[in-house]
Amino acid sequence: MRVTIVGCGYVGEALARRWGEQAAVDLTVTTTREERRVELIPVARRVLVVRASDPSALFQALDGAEAAVFCMAPGGDRQVDADAYAATYRDSMRALQELLPDMPQLRQIVYTSSCGVYGDAAGAWVDESTPAIPRDAHAAVLLESEQLLEQCRADQRRVCVLRLGAIYGPGRDLIRRFKTLAGTTRTGDGRIYCNWIHRDDVAGAIAAAVAGGWDQTVNVVDDQPWLVADLLNQICNSADLPPVQWSGSEPGAKPMVDRRISNRHLHSLGYELLHPRLLLRSE
Ligand SMILES: NC(=O)c1ccc[n+]([C@@H]2O[C@H](COP(=O)([O-])OP(=O)(O)OC[C@H]3O[C@@H](n4cnc5c(N)ncnc54)[C@H](OP(=O)(O)O)[C@@H]3O)[C@@H](O)[C@H]2O)c1
């Protein structure tokens with residue numbers, strides 16, 4: 001099968017390596033930077049330098065593809081503003097919409113969105129039937145991008161939106177990321193839930209979506225949401241560091257989004273998580 005991964009970064013590269021081992025996929029991948037092209041040559045037959053918001057560049061990347069995986073993100077781990085989000089996600093989906101009439105061969109599109117589209121649920125469980133009510137401008141862009149992509153569904157074209165939890169894994173190890181918080185005092189009480197997914201399960205779920213022709217929205221998180229305070233405690237304990245302190249709830253402070261994301265639908269599709277529970281060390 002001819003497949004294109006648009007945005008071959010942390011997740012895209014893991015996916016490309018996985019498909020490389022299986023050999024049944026004729027793969028094109030994209031990066032936005034000329035200097036990454038050489039790095040990606042071992043993982044795909046074609047490597048292109050593409051901004052997906054540019055329709056002619058996107059057309060080149062998708063030319064002949066039967067399946068496309070969109071897993072682009074602006075700025076890696078850096079925080080960027082909502083305009084940069086819009087330029088990456090929304091404008092790429094608009095470019096895709098424009099091109100589809102000339103791409104009848106493209107039968108499956110998979111897009112990695114985020115559980116960030118869900119609003120606050122005061123710690124309750126949310127699933128794919130819970131209305132998405134974005135809490136900020138970034139999440140609103142992600143939801144708008146999902147909606148643009150949903151419009152690309154057709155009789156001969158399946159569309160799958162994967163809403164990912166926070167990604168960790170090799171190179172994004174939790175202890176390394178959070179150990180600087182040891183011994184500090186954080187605002188609030190840390191009693192809000194966070195939801196995680198290992199990089200290899202993101203790649204696994206994307207591969208399953210393409211292989212199985214998934215045509216729906218699916219949450220991709222592991223089996224166990226964590227309270228932030230418990231997670232930071234575990235991290236500090238296992239690294240032998242002083243615990244994080246909490247200042248207690250502050251009147252008038254804007255609470256963070258607090259919800260437990262259900263992965264029941266992912267399980268019902270037959271996907272077996274490689275890492276059902278969080279690994280503190282994943283290097
Ligand atoms: N990180 C998380 O915790 C998290 C949580 C929820 C959802 N997600 C979603 O998961 C997906 C994968 O994330 P990741 O961590 O693999 O991201 P990443 O490592 O930052 O990789 C992003 C890739 O997208 C490329 N890119 C950036 N702007 C682009 C554009 N305008 N057009 C085409 N490609 C573009 C980047 O190009 P370069 O190669 O030039 O850098 C890179 O290859 C993203 O869709 C992200 O929104 C991530």
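Residues numbered from 1 in each chain as written. Predicted model: local features only at pLDDT ≥ 70, side-chain atom pairs only at ≥ 80, totals over all residues. Heavy atoms only, no water.

In terms of regular secondary structure, the chain is built from nine helices and 15 strands. Relative to the 2.2 N^0.38 estimate, which gives 19 Å for 283 residues, the radius of gyration of the chain is 19 Å and therefore close to what a compact globule would have. Projected onto its principal axes, the C-alpha coordinates of the chain cover approximately 55 × 35 × 35 Å. Counting the 283 residues in the chain, one finds 49% classified as buried. A fraction of 77% describes how many contacts in the chain between residues 6 or more apart in sequence connect residues 24 or more apart. A total accessible area of about 13,300 Å² is found for the chain, and carbon and sulfur atoms account for 48% of it. Positive and negative side-chain charges in the chain, numbering 31 and 36 respectively, have mean positions lying 2 Å apart. (Helix = DSSP H or I, 4+ residues; strand = E, 2+ residues; numbered from the N terminus. Rg over C-alpha atoms; globule rule 2.2 N^0.38 Å. Buried < 20%, exposed > 50% of the residue type's maximum accessible area, 1.4 Å probe, protein only. Contact = heavy atoms within 4.5 Å. Areas by Shrake-Rupley, 256 points an atom, 1.4 Å probe, with all protein chains shown as cover. Lys, Arg positive; Asp, Glu negative; His and termini not counted. Charge placed at Lys NZ, Arg CZ, Asp CG, Glu CD.)

Let's shift gears to the site of the ligand. Neighbouring residues of the ligand: 26 residues in total, closest Thr 31, Thr 32, Arg 33, Arg 36 and Tyr 89. Backbone polar atom of Tyr 10 to an oxygen atom of the ligand: 2.8 Å apart, as the coordinates give it. Residue Thr 32 places a side-chain N or O atom 2.5 Å away from an oxygen atom belonging to the ligand. For the ligand, whose unbound accessible area comes to 920 Å², protein coverage reaches 88%. Of all elements in the fold, only helix 1 (10-22), helix 4 (82-99), strand 5 (108-114) and strand 8 (166-168) reach the threshold of two or more residues within the shell around the ligand. (Near = heavy atom within 4 Å. Polar contact = N/O pair within 3.5 Å; in protein donor to acceptor, adjacent residues only side chain to side chain.)

Now for the pairing of strand 7 (residues 158-164). Where burial is concerned, most of strand 7 is hidden: six out of the seven residues are buried. Examined bridge by bridge, strand 7 and strand 12 (residues 217-220) share four bridges and lie parallel to one another. Residue pairing for strand 12: Arg 163 is matched across the bridge by Asn 219. (Pairing = 2+ DSSP bridges.)

This paragraph deals with the nonpolar core. Counting 37 residues, the largest nonpolar core has Ile 5, Trp 19, Val 29, Val 69 and Leu 162 as its most contacted members. Per element, the largest residue contribution to this core is seven residues, and it comes from helix 7 (residues 199-212). Filtering out sequence-adjacent residues up to four positions away, Ile 5 remains in contact with Gly 12, Leu 15, Ala 16, Trp 19, Leu 27, Thr 28, Val 29, Thr 30, Val 69 and Cys 71. Counting 30 residues, the second-largest nonpolar core is a separate cluster that includes Phe 70, Ala 86, Met 93 and Val 117. (Core = buried A, V, L, I, M, F, W, Y, C linked by side-chain atoms within 4.5 Å.)

Moving on, we get to the environment of Gly 119. Take Gly 119: it is sitting in the loop between strand 5 and strand 6 (125-126). A residue is classified by how much of its surface remains accessible, and Gly 119, at 10% relative accessible area, is buried. Note: C-alpha distance between Gly 119 and Thr 130 (eleven residues apart in sequence) is 9.4 Å. Excluding anything up to four places from it in sequence, Gly 119 contacts Ile 133, Arg 135, Val 257 and Arg 259.

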